[in-house]
Amino acid sequence: MSEILIATDPNAPEASAVPESVEDKAKQLPEPVGYHILVAIPEVEDKYDSGLIKADTTMHTEEVLSTVFFVVKMGADCYKDEKRFPTGPWCKVGDFILARPNSGTRLKIHGREFRLINDDSIEAVVDDPRGITRA
C-alpha cells in the first residue's frame, strides 16, 4: 500500500504518514464541470513488437501525443446542446475515444496522465484501441 506524507508545519522535519488506498486515490480525480470530459491516457507499451525496449523519452512522446483516450468522467453539461448534438452524446463513460494529440488540459495524478477535453473534441469512438497509433 502506498503512503503520502502530510507535514503539519512546512518547516518541521517530521511528517506523519497517512496510508492511501486505491479508493482514496480515485477520490482525488477532478470532477469535470460544464462541457468538459476527464479522460485517461492508456498506458504505453514499453517494448516494440520486435521485443526491443523503448527509451523513456520515446514512451513519454507516445504518451503526450496519444490520440486514444479512455473516458473517465463527464461534466453535467456534456452534450446538452441539442442544436450542436442533435443525435445525442458522442460518447459515454467507459468508452475509448479518438481525439487530436495535445488536446485539452494535461494533468498528472499519482504518475498517471489525464486530460480535460471539450465534449466536441471527440472524433471517434473505438471498440478496441489496441493497435491504433498516431501516424
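Rules of the game
- Residues numbered from 1 in each chain as written.
- Predicted model: local features only at pLDDT ≥ 70, side-chain atom pairs only at ≥ 80, totals over all residues.
- Heavy atoms only, no water.
- Helix = DSSP H or I, 4+ residues; strand = E, 2+ residues; numbered from the N terminus.
- Buried < 20%, exposed > 50% of the residue type's maximum accessible area, 1.4 Å probe, protein only.
- Contact = heavy atoms within 4.5 Å.
- Areas by Shrake-Rupley, 256 points an atom, 1.4 Å probe, with all protein chains shown as cover.
- Core = buried A, V, L, I, M, F, W, Y, C linked by side-chain atoms within 4.5 Å.
- Pairing = 2+ DSSP bridges.
- Axes fitted to C-alpha atoms, helices over the stretch in contact; angles between N-to-C directions.

Once that is clear, we can look at the overall build of the protein chain. Per the secondary structure count, the protein chain includes two helices and eight strands. Secondary structure elements in the protein chain, listed N-terminal to C-terminal, are β-β-α-β-α-β-β-β-β-β. Split into buried and exposed, the 135 residues of the protein chain put 28% on the buried side. Contacts spanning at least 24 positions in sequence make up 65% of the contacts within the protein chain whose residues lie at least 6 apart. Accessible area for the protein chain stands at about 9200 Å²; split by element, carbon and sulfur atoms hold 53% of it.

Let us now look at the nonpolar core. Judged by nonpolar contacts, the single largest core of 13 residues is most densely connected at Ile37, Tyr79, Cys91, Ile97 and Ile122. Looking at this core, the elements with two or more residues in it are β3 (36-40) and β4 (68-74). Leaving out residues up to four positions away in the same chain, Cys91 has contacts with Ile37, Val71, Met74, Tyr79, Ile97, Ile122 and Val125. The next biggest cluster of nonpolar side chains, apart from the first, holds five residues, and it includes Leu29, Ala40, Ile109 and Phe114.

What follows deals with the sheet that holds strand β8 (residues 124-126). Strand pairs in the sheet, formed through backbone hydrogen bonds, run parallel or antiparallel to each other. An order of β6-β7-β3-β4-β5-β8 is seen for the six strands of this open sheet, with the pairing classed as antiparallel. Among the strands making up the open sheet, the edge pair consists of β6 (105-109) and β8. Sheet twist, expressed as the mean angle between neighbouring strand axes with direction ignored, is 40 degrees.

Note that every value here comes from positions in space, so none of it alone points to a role or purpose.
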